[in-house]
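Residues per chain are reported as follows:
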Amino acid sequence: MATLKSEWPLLVFTTLSPLCGGAWIVASVLTLSNSFSEARGLTSGVAGLLLCLLLFFSLACSTLHLGKPTKALRAFMRLGNSTVSNEVFMGTLFAACLAVYLILASHLNESLLVLNILLIFATLFATLFILFQSLAYRMQTVPTWNSAAFSLEFVLIALLGGICFEGIFIEVAFDVPFEVKLVLVVVEALSCIGMLVVIHAQTTVIMRAVINYGKRRSDPKASLTTWYRLGTIRVVALVSGSILWSLGLLIPNLNTFLTIGGGALVFIGIAIGRYSFYRSYINVGLPQ
Amino acid sequence: MTQYGFHIDTSRCTGCKTCEMACRDAYELGEAPSFRRVCEASGGSWVPAGDAWWQNVFAYYVSIGCNHCDDPVCQRICPSGAMRKQPDGFVILDSKRCIGCGSCAFACPYKAPSFSKKLNVMRKCDGCRARVMNGKEPICVEACPMRALEFGDIEELRKQYGNARDIAPLPDSSYTQPNIVITAHRHGSGVEPSVSVLSNFKEI
Amino acid sequence: MKSSNCKEKRYKVFTSTRNDLVVQPDCLIDSEQRLNDCTKSIFGYCSVNCEGRCVLNFHVKNDKLLWVESDQSIKDGDGERQIRACLRGRSIREWINHKDRLSYPMRRVGKRGEGRFERVSWDEALDAIAENLKRIVDTYGNEAVYINFSSGVMCSNVIGFLFRFMSMYGGYLDSYGDYSHSQIDAAIPYIYGCRDANTPADVENTKLLVLFGDNTLETKMCGGGSSIHLKDAIHKAGVRTVVIDPRYSETAANCADQWIPIRPGTDGALAAALAYVMIQENTIDQEFLDTYCIGFDEAHLPPSAPKGSSYKSYILGDGSDKTPKTPQWASAITGIPASEIIKLAREIASSKPCAIYQGKGPQRQANGEQTARAIAMLSIITGNVGISGGNSGSDFETYRFFEAEVPMPDNPVQIAIPVFLWTDAIDNPAQMNSSKGGLRGADQLNVGIKFLWNYAGNTIINQHSNINRTHDILQDESKCEFIVVIDTLMTASAKYADILLPDLMPMEQPTIVANDWAGDSGYVLMNSQYLAIQHERRTLYWMLSRLSERLGFSEEFTEGKSEEEWRQSIYEESCMEDPDLPSYEELLIKGIYRRKNPKGRHIAFEEFRKDPLGNPLSTPSGKIEVYSEKILEDIKGYKLEEGEIISAIPVYAPPYFEPGAADKERFPLQLIGFHHRSRAHSSYGSLDAIRQRARHQVWINPRDAKDRGISDGDNVQVSTLYGRIQIEAKVTVRIMPGVIAIGEGAWHNADMEGDRVDKGGCINTLTSSHASPLAKGNPQHSNFAQVTRVK
C-alpha cells in the first residue's frame, strides 16, 4: 500500500496546506481584530511571503503524485464534480487571493478597505479549502478513512499547526501583548487535547476496520502494529511540542529556539499522523 | 438503453485466469496491472485424529473486473471528470482527461482502475465496449474455457440467474451497486470475510 | 447507439453522449481499432503437450502480430464446444515475440550447461552436426545415436522427420514409454489386456464419481477438451463427486462434494481397505467376479498360483503377509479416518453404477504400477467394468479418429530403452540390461549414447529427474560426445547443446494437428497461412534436408518435396484410410474439421461385458486378470532391489526410496509435483505475464508452515537428498499436513559451478532418477523433503 516513496507528495501536501490555511486564518483574525499594533505584519511582508511560498510549495507537491502533473489544473476546472475537485478549486483560489493580497499589500498601503476585502476572501477560501480537504478522503468504500475522526484531523491540523506557525513568527519578530499570547496558547492547548481525542477515535476506527476487513489483507496485524507504533510517537511529539512551544511563547526570558523547536515537534507529529493515515488504508473489498 | 453486466458462475470457475490473460493480450497490457483478476478464496481447518486428519477445507475462485456499477464510486471521487458512466451503462475512463491522481484506485473496492506507469494515467476495463457495439462479447467472456463468465443485458441475466451479487471476498454490493450476477459456488458464502479469506494476494 | 436522452438515467452524465470516446491512448490503440481493424487473421493453434490442442486466430497487421483470439468457428453450446485456448494459448504472443527467442544457429563455447554460445552460419552448424554424426556412427554404430523424448511440438508432421532421417541413416537407439503415464501404461494391460477407460461424457450416467488423484480440470484445461466435457457431464446430471488427492486440486475445488486427502503413494492401501469393507459386508459383485475375472478368490486362481495368493486372501489377511487390510490399518497409512473409509466403501458399493477413475498422479510413484492396478480393483470388485456410468478404474479415455505420420522406413536398430533411463544409457551402458534397465531387443547395451538429438523438448535437464546428476553426466564430454538441440527458446536443456539451432513455431510453418484428450469431440487442425519468419529461424525439415545432402541421402529423404508437399501427402495418406475426411484443399480453407464420436461415447470393454466368451479380452486368459501369471513371466530374471514390488495381484506397495532419501529427521515432509496452470510441462515456463499472475509456489499447510516460521509469500528453500531449490511459499489449507506440492515444469536456473541452488524452482532438482521396477518409469511424486525459510 501507500509507501513513503509513492505517497510523499500527498503527505507533504496534506501536512503543509491545511497548516498554511490555518496559519492564514489565525493571522487574518489577528490582523482584522487589530489585536496588536503591527498585526498586519503577520499577513504581509516577510511573514506573509513565507506563508505564501510554503502554500505554493505544498500545492506544487500535490501535483507530483499525479501521473500528469502538468495537467493538474484539469481538476481545477471541474468544480462540483467531486470533493477533490472542490478542494483543488478552493486551494487554487486561496493561493491566488493570497498572492494578490501580498502584492497589493506591498504596493497599496493606503487602501485598507480593498486589502481587507481581499483578506476576507482569502480567509474564506482558506476555510472552504480546509473544509473540502477534510471531506476529500471520505470514501464510503474505505472504512479506515471514512470517519469524522479523520475529517476533524484536518481542521485540527489547521488550528494546531496554524497557531504554532504564527506563534513562531510572533516569538521571533513581533511584540505581542501577553493576553493575545495567552489566547493563542489556550486555543493551542485545546486543539492539542482535541487532537488527542481524535487520535483515540481514529484508533477505534482503524481497529474496527481491521477486524471487519483486515482479513482481506495479507498482513492485518501488521497494519495495526504500525498504527500503534506511529501513534505513540505522534502523541509524544504533539504533546511535548505543544508544551515547549507554549512555554517558549509565554515565558519571556526563555530561548526563542524553544518555541521554534516545540513548533517543529508539533509539525512532525502532524506529519506522522498523515503518514499513518495513508499507511492505514483498508478498503471494503479487494486489497490494493 | 441496455445496462450490460456480467454473470460470474463461481461453481464453474477453476481459477485458470484465461479471462485475465486474454484481456492482457488483446489490450496489450504489458507491464500494467490487469483489467480483470481472479481471486482465490479458501477456508477450513485441519484437526488431527491419531495418524489421520479431519478437515473441512474448501476453495473457490471469483473472476472480477470492472462491474460498470450503477453507483460508480470511481466517478464520485474523480477530480478531473475523466471517469464517467455513459448512457449505455459502461463506466468509461477517458484517458485524455485523466490526470493520473489515483483517487479512483483508492475508492474502487474491486480494484478495477489501476495506474499505468507507461502512460501516466489510470486504465480500466471498458467492457470491450467497441466489441459489444459490434455485437460481440467481451474478450474475457469469449475466452473462458469453463464457460463461467457470461455477458449481456443485466435484466435478462438477473431473470435467468437471480439477483445474487454478494460473495466473499468481494465487497458488499450495496457500496457501488455492481452490475453482476453471481452463481455461488457450493462453498461460496456471502461477503462475511470470517469464513473464507482471499488467498492469492500476490496474484491479483 | 447515438442517443443523448440521458436525463432520465439515475446517473449523471457530464458531457453529451460520446460513443466515439477515446478510451485508450493512441499509442495503445483503442479497443475498436485494436480488435476490429486488423487486416488479416491467420488460423493457427497451440500444440504443446497439455493433452489439449487449441485453436488460435492470430490477428496480424503488416506482419506484426497484434493479438490472439481463440475458436470462433462455431457458436459455443452444449452440443458442440468451441476449442477455447487457456491462459497459456492466450499469452502465446509473448512466446512468439520473446526477447530470448533463438534467432541464429549457435555453437557452444563454454562448458556444457554454462549457456555460453557463439553465433555461427547455418553451413558451419550443419557441417559440424554432419561430421560428428558420421564420426559417431562410424566409430560406435547407430546404437549410439538417440533421439531424446520431447513433446513441445505435438504436430503430426514435424518431429517425425527426425525419426525418418535417422532411420534412413542407419537407425537409432529406440525408446518406449514416456514421462506421463509409464507405470499405468505398463500395469493396466496386465488386468485388461490394454489400458482403456470410459470417456468423460459418460460420467453423466453415473450415480457416484470417485476420482483418485485425477485433476482433469487443471491438467487438461482446453476449452474443448476433457475438462469442459467432464464439467458439463457432472453439472448436467448433478453427479456426486468424491476426489481423493493429497492436494485440494482445482478439480476437487470445483467438482468435489467430498474431498478425501490422502498421503501420497498410499492409494493402494485405501483401495485395499475399501475392498476389505466391501468383502466383509458382502457388497461385492460376486457374480461379476466369478464370470469375468480370474484370481479374485481361491476358487478362481490359475493352476500355477500358490494357495493363499488370491486377492481376497490378501485383503482378508489370509495371504503370506497375514495382515487383514482393515480400515484401521489403512487409516494409519493413508491419513484418512477409518470411519471415512468405511463410509466411502459403503457409498461406492451402494451406488450403481459407480464410476472410479484415476489420474496419472498415483501411478507416477516408485511402485506406481501396483497402485494403478490396486485402484482399478475397486471397479472390478463392484462390477462397474464395461458399463455406462461405470469405468475400468483407469484414467479418462478420449475419442481419436485422425492419425497421420511422416512415412518412415523401419529402424534398423532393434534395441529400445525406456525413455526414463536415457541418462543411465549414457552413464553406464553396461548396466542397461532387461532387469535393471528395462532394455528391449538385446541383453545389454554395447555402447552408451554418444550422439543426442533433442527437438522441441526440455527433457535433457528440466523434465528429467535429478538434474544435478544429469548435469554431472553431461558435463563429461567423453560420455555423450555430441548434443544437438533444436528449439525456440534458450531452455534449461538448450544450455547443454553443442550445436543449438533456432526452430520455428508451429504457426510459422505448415503443420497439422489432431486432437488429444478431447472427450468425444475429435478434430483436426491445419494452417494455411503462417506468421512471418524472422531472422535465421528454420523448420526442422529444412535443417534435416540440408543434413541429408551432406550425408548423401538427400533425394531419398526429401523425395524432392517441400514441407507443404509433405504435409499434403501425409494428409492424403490418411484420407485413403478414412475417406470421410475432407479433402486437403477443403481443410486448408476451413482450418478445422470436427468429428464427434459416432458412438456418442466410449465405454471401455463394453463388448467383453456383453459377451465375455465371444469378445474375450487380450489378456492370456481372455478374462480380467486380478491374478496375473503374465506379470510373473515377464519379470523372470529380474533382480528387485529392496522396496521394489512387482506382484501377481494388485497389492499395496508403498513407494521406496534410495538410501537416505527418506530420512525423516532430515526430510520430514512428503513432496509431490502437480501440473500447474501456468505451464504445460515446461512449455510457456518463461512467460513473465503468466509467471507474475499464476505464481510458481510450493504449497504448504499452515501447520507445517507455522512450525518453520513461514508466512504466505515468503521465500523458502526446499531440499531433498538430491538438491535444493528456492521458491515462494503458498501457505494454504488446500494441502494435507505433512505434504508439500510444487508445480512441475518451472525452468531450472542454478549456478552449477557454485551452490547449485535452483532459483527457478524446478522440482526435478529434487527428484530421484531411480526408475520404478516394472515400467522403468519416472517416480517423480515419491520424495521426502524439508522446507526452510530463506532469511
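Residues numbered from 1 in each chain as written. Chains lettered and ligands numbered in written order. Predicted model: local features only at pLDDT ≥ 70, side-chain atom pairs only at ≥ 80, totals over all residues. Heavy atoms only, no water.

*Asks:* Help me understand the interface of chain B and chain C in this model?
*Replies:* It is common to report an interface's size as the accessible area lost on association of the parts. Facing the 77 residues of chain B at the interface are 87 residues of chain C. For the pair chain B and chain C, the two sides together bury roughly 7,200 Å², of which 50% comes from carbon and sulfur. The largest share of the area that chain B buries against chain C comes from D25(B), W46(B) and R147(B), three residues that together contribute 10% of it. Residue E40(B) is joined to K730(C) by a salt bridge in which the shortest nitrogen-to-oxygen separation is 2.5 Å. Scanning the region where chain B abuts chain C turns up 36 residue pairs in polar contact (both at pLDDT 80 or more). For the side of chain B that touches chain C, the element with the highest residue contribution is helix α1 (residues 18-26) of chain B, accounting for seven residues. A per-class count over the side of chain B that touches chain C returns 32 nonpolar, 17 polar and 28 charged. (Contact = heavy atoms within 4.5 Å. Buried area = accessible area lost by both parts, 1.4 Å probe. Salt bridge = Lys/Arg side-chain N within 4 Å of Asp/Glu carboxyl O. Polar contact = N/O pair within 3.5 Å; in protein donor to acceptor, adjacent residues only side chain to side chain. Helix = DSSP H or I, 4+ residues; strand = E, 2+ residues; numbered from the N terminus. Nonpolar A, V, L, I, M, F, W, Y, C, P; charged D, E, K, R; others polar.)

*Asks:* For this particular structure, what's the right way to read the nonpolar core?
*Replies:* Across soluble globular proteins, you tend to see nonpolar side chains buried next to one another. Judged by nonpolar contacts, the single largest core of 100 residues is most densely connected at F58(C), I92(C), L133(C), F165(C) and W453(C). Top element by residues in this core is helix α4 (residues 122-140) of chain C. It accounts for nine residues. Leave out the neighbours within four places in its chain, and I92(C) touches L56(C), F58(C), V68(C), M505(C), M507(C) and Y684(C). One finds L19(A), A47(A), F89(A) and I206(A) within the second-largest nonpolar core, a separate group that totals 95 residues. (Core = buried A, V, L, I, M, F, W, Y, C linked by side-chain atoms within 4.5 Å. Buried < 20%, exposed > 50% of the residue type's maximum accessible area, 1.4 Å probe, protein only.)

*Asks:* Could you clarify how one ought to interpret the side chain of D516(C) in this entry?
*Replies:* Residues and elements named next belong to chain C. Tracing the chain through its elements places D516 in the loop between β17 (512-514) and β18 (521-526). A polar side-chain atom of D516 sits 3.0 Å from a polar atom in the side chain of R53. Of note is the side chain of D516, whose polar atom sits 2.7 Å from the side chain of R400. Residues in contact with D516, not counting those within four places in the same chain, are N49, E51, G52, R53, T398 and R400.

*Asks:* Explanation requested: empty space enclosed by the protein in the structure shown.
*Replies:* If you roll a probe as big as a water molecule over the atoms, it shows you where there is empty space left. Residue and element names in this part refer to chain C. Enumeration over the complete set of coordinates arrives at 14 cavities of 30 Å³ or more. Looking at the largest cavity, its volume works out to about 580 Å³. Contributing to the lining of the largest cavity are 44 residues, with S151, A680, H681, S682 and S683 lying nearest its centre. Looking at the lining of the largest cavity, the elements with two or more residues in it are β1 (40-46) and α3 (92-96). Across the lining of the largest cavity, the residue classes tally to 18 nonpolar, 22 polar and four charged. Approximately 120 Å³ is the volume attributed to the second largest cavity. Taken together, 17 residues form the lining of the second largest cavity, with H676, R677, Q697, W699 and K730 sitting closest to its centre. The class makeup of the residues in the lining of the second largest cavity is three nonpolar, five polar and nine charged. (1 Å grid on protein atoms, 1.4 Å probe; cavity = no way out; pocket = protein on both sides within 12 Å on 5 of 7 lines; lining within 4 Å. Points joined across faces, edges and corners; volume = space filled by probe spheres on them.)

*Asks:* Where do I start with the domain arrangement of chain C in this structure?
*Replies:* All names here are of chain C. For chain C, the assigned domains read domain 1 (17-96), domain 2 (106-177 + 403-514 + 528-590), domain 3 (183-399 + 603-628) and domain 4 (669-789). On the side of domain 3, ten residues touch domain 1, which itself brings twelve residues to the contact. A buried area of about 790 Å², summed over both sides, lies between domain 1 and domain 3, and 56% of it is on carbon and sulfur atoms. Run the count over domain 1 and domain 3 and you get three salt bridges. Salt-bridge contacts for E51 lead to K220; the nearest nitrogen and oxygen are separated by 2.9 Å. Linking domain 1 with domain 3 are four residue pairs in polar contact (both at pLDDT 80 or more). (Domains from an automatic or database assignment.)

*Asks:* What exactly am I supposed to notice about the pattern of salt bridges here?
*Replies:* Pairing of side chains with opposite charge becomes possible as their charged atoms draw close. Within the structure shown, the criterion is met by 65 salt bridges over all chains. In this structure, the salt-bridge partner of R693(C) is E20(B), at a minimum N-O distance of 3.6 Å. Note that R693(C) is positioned in helix α24 (residues 688-693) and E20(B) in helix α1, a pairing that runs across two chains. Taken as a pair, R693(C) and E20(B) share a single burial class, namely buried. The salt bridge involving E218(C) is made with R247(C); its shortest N-O contact spans 3.2 Å. Here E218(C), found in helix α7 (residues 216-219), pairs with R247(C), found in the loop between β9 (240-244) and α9 (250-255); they are 29 residues apart in sequence, far enough to count as distant. A relative accessible area of 2% places R247(C) in the buried class. Residues participating in the shared-partner salt-bridge network are R12(B), R147(B), D76(C), R81(C), R84(C) and D232(C).

*Asks:* Can you help me understand the packing of aromatic side chains in this one?
*Replies:* Aromatic ring pairs are reported here in terms of the distance separating the ring centres and the angle at which the planes meet. Counted by the stated rule, this structure contains 57 aromatic pairs over all chains. With 4.6 Å between their ring centres and 15° between their planes, W145(A) and F277(A) make a pair best called stacked. On the criterion of sequence distance, the pair formed by W145(A) in the loop between α5 (112-136) and α6 (148-173) and F277(A) in helix α9 (residues 256-279) is long-range, its members being 132 residues apart. Just as W145(A) is buried, F277(A) falls in that class too. The ring of W517(C) is capped by R400(C), whose NZ or CZ atom sits 4.7 Å from the centre of that ring. Above the face of the W699(C) ring, K730(C) is positioned so that its terminal group lies 5.5 Å from the ring centre. (Phe/Tyr/Trp six-rings, centres within 6.5 Å; stacked < 30°, edge-to-face > 60°. Lys NZ or Arg CZ within 6 Å of the ring centre and 35° of its normal.)

*Asks:* Whenever I open this one, the interface of chain A and chain B confuses me. Can you help?
*Replies:* Listed as interface residues are 34 residues of chain A and, on the opposing side, 40 residues of chain B. At the junction of chain A with chain B, the criterion picks out zero salt bridges. Between the two partners, chain A and chain B, sit 13 residue pairs in polar contact (both at pLDDT 80 or more). Elements with a minimum of two residues in the side of chain A that touches chain B: α3 (73-76), α4 (83-107) and α7 (178-213) of chain A. Of the residues belonging to the side of chain A that touches chain B, the class tally is 14 nonpolar, twelve polar and eight charged.

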